[in-house]
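# A look at the structure
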Amino acid sequence: MTAQNPSASGEQVSRATCAIVGGGPAGMVLGLLLARAGVTVTVLEKHADFLRDFRGDTVHPTTLSLLDDLGLIDQFDQLPHSKITTVRLPGSGPNGPIAVNFGHLPLRHPYVAMVPQWDLLNLIAEAARAEPTFTLLTEHEVTDVVREGERIVGVSYQSPQGVGRLIADLTVACDGRWSAVRRAPELPVKDFLVGFDVWWCRLDTQKPIGESLIPRFNSGRVAIGIPRTGYLQVAQLGFKGTDAQVSADGIVAYRANLGRIFPELSTDTESIGSMDEVKHLDVRLDRLRRWYAPGVLCIGDAAHAMSPVGGVGINLAVQDAVATARLLATALKQGRFAQEPALGLLARVQRRRSYPTRVIQALQRFMHRNLIMPALRGRAPRPPRALSSLLRRVPILAAVPAAILGVGPRPERAPAWARR
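What comes next concerns the included structure. Note that the structure is predicted; figures quoted are calculated from it, not measured. (Residues numbered from 1 in each chain as written. Predicted model: local features only at pLDDT ≥ 70, side-chain atom pairs only at ≥ 80, totals over all residues. Heavy atoms only, no water.)

## Concerning the pairing of strand β14 (residues 196-204)
- The buried fraction of β14 amounts to 7 of the 9 residues, a majority that puts the element mostly inside the structure.
- Two strands pair when backbone bridges link them, and β14 and strand β17 (residues 231-239) are joined in this way by 9 bridges, in the antiparallel orientation. Following the sheet pairing, valine 198 is matched in β17 by leucine 237.
- Two strands pair when backbone bridges link them, and β14 and strand β18 (residues 279-281) are joined in this way by 3 bridges, in the antiparallel orientation. Looking across to β18, one finds that tryptophan 200 is bridged to lysine 279. (Buried < 20%, exposed > 50% of the residue type's maximum accessible area, 1.4 Å probe, protein only. Helix = DSSP H or I, 4+ residues; strand = E, 2+ residues; numbered from the N terminus. Pairing = 2+ DSSP bridges.)

In structure tokens form, the structure reads like this:
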């Protein structure tokens, strides 16, 4: 990023070849990759750090392979994390047949790593800061875009130092489903109906609990528990539009519900002090019909809001970032975006990534209809005996959902120039 200079209005004005809005997985990976290509890139993150709970924490085999290619896997292995190598058939109990087995796939890292997202982002940020063309600006909240005619040429932001503008050849929105940048060009959106929301909380416990990407069910109650050191991160699912009722029922009812889903932890639910410690997530599922406009590109959740089901959102966003860097780095370095909108290049990113997005969203909608919503209505899933028998007799079949979940329809590889 070039040095800041005050404008006539007193605003600080700076410049970068690429402005990335949002310091989540997509933004940080894209920033690191572009910086390794020699592109001058600035990431703007509205928070002071990455330390926020109740974010996606599943790191799938494709992302682990990317970290390996980038020379970061040894540092990643030092982070506190757990590994999921198999998942049993939903509703089949702890001894049911294995439905997902990453060990059957020829992967360098045949597991899903459960790691706090802030640790992953700090790791990527540290690697990016080693690149001379990379800048991370924290406590910089983007409030609007800067335009020249019909073209977006940067963003306006608010920071502790006041208001400012970052001018860039290309602005990439990685700031999630409520993206301020995504709203500016009024890109058309396709929304899908979602009938449930999620309530997150922290449940302090020293008791061991099995790890799974499959929810637990109990008489119309559904929850997922993500083990941490000394606590469980819990996502409890319920009908959309019931947040006011959940709050009105109060903490006693909330604890009782959790105790029924996790009976082995029922005495630990007292660690949740009040409903202020329970965070509501309005689950959305949508995708932009067009991901770009002159001077701007949306990727990750800014382009396609994902359901938390399957924990694939992070990894899909990271794959978007890898494809974006590979397809755009040379043009950015050559200054093509400074001379023209280069909409054809932006369209290539969407064409590359829209197919896996559609496939994963279709699978999530299937899971919503056939697993989550029936369970919330009190009909816990019971796997067909024929399927259970088939998985026991032909265990290699567990490689198919493992490939869909852990690798995805169109995996991306780190460009040669980014590898270490």
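And the narrative resumes.
## Examining the packing of helix α7 (residues 313-333) against helix α9 (residues 343-376)
- Between α7 and α9, whose axes approach to 10 Å, the crossing angle comes to 160°. With respect to α9, the axis of α7 lies roughly antiparallel. The two elements α7 and α9 meet at a crossing, and its hand is right-handed. On the side of α7, the interface is formed by Leu316, Gln319, Asp320, Ala323, Thr324, Arg326, Leu327, Leu328 and Ala331, while α9 contributes Leu345, Leu346, Arg348, Val349, Arg352, Arg353, Pro356 and Thr357.
- Looking at the contact of α7 with α9, its residues break down into 9 nonpolar, 3 polar and 5 charged. (Axes fitted to C-alpha atoms, helices over the stretch in contact; angles between N-to-C directions. Parallel < 35°, antiparallel > 145°, perpendicular 65-115°, else oblique. Left-handed = near helix turned anticlockwise from the far one by under 90°. Contact = heavy atoms within 4.5 Å. Nonpolar A, V, L, I, M, F, W, Y, C, P; charged D, E, K, R; others polar.)

## A short note on the sheet that holds β17
- The strand order across the open sheet built from 5 strands is β15-β16-β17-β14-β18, with neighbouring strands paired in antiparallel fashion. The sheet is open, and its two borders are formed by β15 (216-218) and β18, each paired with just one other strand. For this sheet, the mean inter-axis angle between neighbouring strands, taken without regard to orientation, is 25°.
- Across 3 bridges, β15 lies against strand β16 (residues 221-227) in antiparallel orientation. Paired with asparagine 218 across the strands is arginine 221, a residue of β16.

## Some points on helix α4 (residues 117-129)
- The terminal C-alpha atoms of α4 lie 18 Å apart, and with 13 residues this matches the ideal 18 Å at 1.5 Å per residue to within 8%.
- Along α4, 10 of the 13 residues are buried, which leaves the element largely enclosed by surrounding structure.
- Along α4, the residues classified as buried are Gln117, Trp118, Asp119, Leu120, Leu121, Leu123, Ile124, Ala125, Ala127 and Ala128. (Expected span 1.5 Å × (residues − 1).)

## Looking at helix α2 (residues 61-69)
- Along α2, 8 of the 9 residues are buried, which leaves the element largely enclosed by surrounding structure.
- Restricting attention to buried positions, one finds in α2 the residues Pro61, Thr62, Thr63, Leu64, Ser65, Leu66, Leu67 and Asp69.
- Of the residues one or two after α2, glycine 71 is the one with positive phi, at around 80°.

## A closer look at the environment of isoleucine 226
- Looking at the element boundaries, isoleucine 226 is found in strand β16.
- It is 8.6 Å that separates the C-alpha atoms of isoleucine 226 and aspartate 57, two residues lying 169 residues apart in sequence.
- Once residues lying within four places of it in the same chain are set aside, the contact partners of isoleucine 226 are Asp57, Met114, Trp200, Tyr231, Leu232 and Gln233.

## Quick look at the packing of aromatic side chains
- Scanning the entire structure with this criterion turns up 0 aromatic pairs.
- Between the NZ or CZ atom of lysine 83 and the centre of the ring of tyrosine 111, over which it lies, the distance is 4.6 Å.
- Residue placement shows arginine 202 over the ring face of tyrosine 231; its charged tip is 3.8 Å from the ring centre. (Phe/Tyr/Trp six-rings, centres within 6.5 Å; stacked < 30°, edge-to-face > 60°. Lys NZ or Arg CZ within 6 Å of the ring centre and 35° of its normal.)

## Description of the pattern of salt bridges
- For the coordinates displayed, the defined rule picks out 22 salt bridges.
- When the shortest N-O distance is used, the salt bridge between aspartate 69 and arginine 108 registers 2.9 Å. Of the two residues, aspartate 69 sits in helix α2 while arginine 108 sits in the loop between β7 (98-101) and β8 (112-114), which places them 39 residues apart along the sequence.
- Taking relative accessible area as the criterion, aspartate 69 reaches 8% and is therefore assigned buried.
- Classification of arginine 108 as partly exposed rests on a relative accessible area of 43%.
- For aspartate 282, the salt bridge is made with lysine 240, and the minimal N-O distance between the two is 2.6 Å. Note that aspartate 282 is positioned in the loop between β18 and β19 (285-288) and lysine 240 in the loop between β17 and α6 (243-261), a separation of 42 residues in sequence.
- For lysine 240, a relative accessible area of 30% puts it in the partly exposed group.
- One connected set of salt bridges, linked through shared partners, spans Asp320, Arg326, Arg352, Arg353 and Glu412. (Salt bridge = Lys/Arg side-chain N within 4 Å of Asp/Glu carboxyl O.)

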